[in-house]
Amino acid sequence: MRRIMKIGGSLLLQPELPKVLNRWLDEQAPAQSIAIVGGGELIDAMRGLDPVYRPGAAWTHWRCVDLLRTSFELLGPRLPGWRVDATDRAFQSLRQRDDPDDDSRHLL
């Protein structure tokens, strides 16, 4: 079984997030867990700047993508027992795995 999760960026403000997240996963049925993290207040700030400076939709979009990388880099090292990898190769490898006993945790 595979579990795909989005960790809302607003949760990054919760100092106990890694502990709470791991505790919650421990209570779930075994599954390969793959998570992405949102941008929270970082993205909200960019949205607030957009109408003031009007840099263009594409520019704003790609700055937000960069900020998602920042969220990922903040949270990743704080998730003990998780594999943290942001490469296309890692994602493709996970997609191809089909092990019913896989209880691994991944942040992409």
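Residues numbered from 1 in each chain as written. Predicted model: local features only at pLDDT ≥ 70, side-chain atom pairs only at ≥ 80, totals over all residues. Heavy atoms only, no water.

Regarding the sheet that holds strand β1 (residues 2-7)
- Strands sit in the order β1-β2-β4-β3 across an open sheet of four strands; the sheet is parallel. Strands at the two margins of the open sheet, each flanked by one partner only, are β1 and β3 (83-84).
- Docked against the sheet, helix α1 (residues 17-26) engages β1, β2 (32-37) and β4 (105-107), running at close to 155° with respect to β1.
- Packing against the sheet, helix α3 (residues 57-75) makes contact with β1, β2, β3 and β4, and its axis sits at approximately 125° to β2. (Pairing = 2+ DSSP bridges. Helix = DSSP H or I, 4+ residues; strand = E, 2+ residues; numbered from the N terminus. Contact = heavy atoms within 4.5 Å. Axes fitted to C-alpha atoms, helices over the stretch in contact; angles between N-to-C directions.)

So, the pairing of β2
- Counting buried positions along β2 yields five of six residues, so the element is predominantly enclosed.
- The pairing of β1 with β2 spans six bridges and is parallel. Among the inter-strand pairings, R2 is bridged to a residue of β2, identified as Q32.
- Between the parallel elements β1 and β2, the chain passes through α1 in a crossover that is right-handed.
- The pairing of β2 with β4 spans three bridges and is parallel. From the neighbouring strand, S33 faces β4, where its bridge partner is R105. (Buried < 20%, exposed > 50% of the residue type's maximum accessible area, 1.4 Å probe, protein only. Right-handed = clockwise from strand over helix to strand, strands pointing away.)

As for the environment of R54
- Summarising the element assignment, R54 is placed in the loop between α2 (41-53) and α3.
- Separated by 30 residues in sequence, R54 and V84 place their C-alpha atoms 34 Å apart.

Brief notes about the nonpolar core
- Counting twelve residues, the largest nonpolar core is built from M5, I7, L17, L21, L25, A35, V37, F72, L75, L79, W82 and L107.
- When residues of this core are traced back to their parent elements, those giving at least two are β1, α1, β2 and α3.
- It is α1 that contributes the most residues to this core, three residues altogether.
- In this view, L75 contacts I7, L12, L17, P18, V37 and L107; residues no more than four positions away in its chain are not counted. (Core = buried A, V, L, I, M, F, W, Y, C linked by side-chain atoms within 4.5 Å.)

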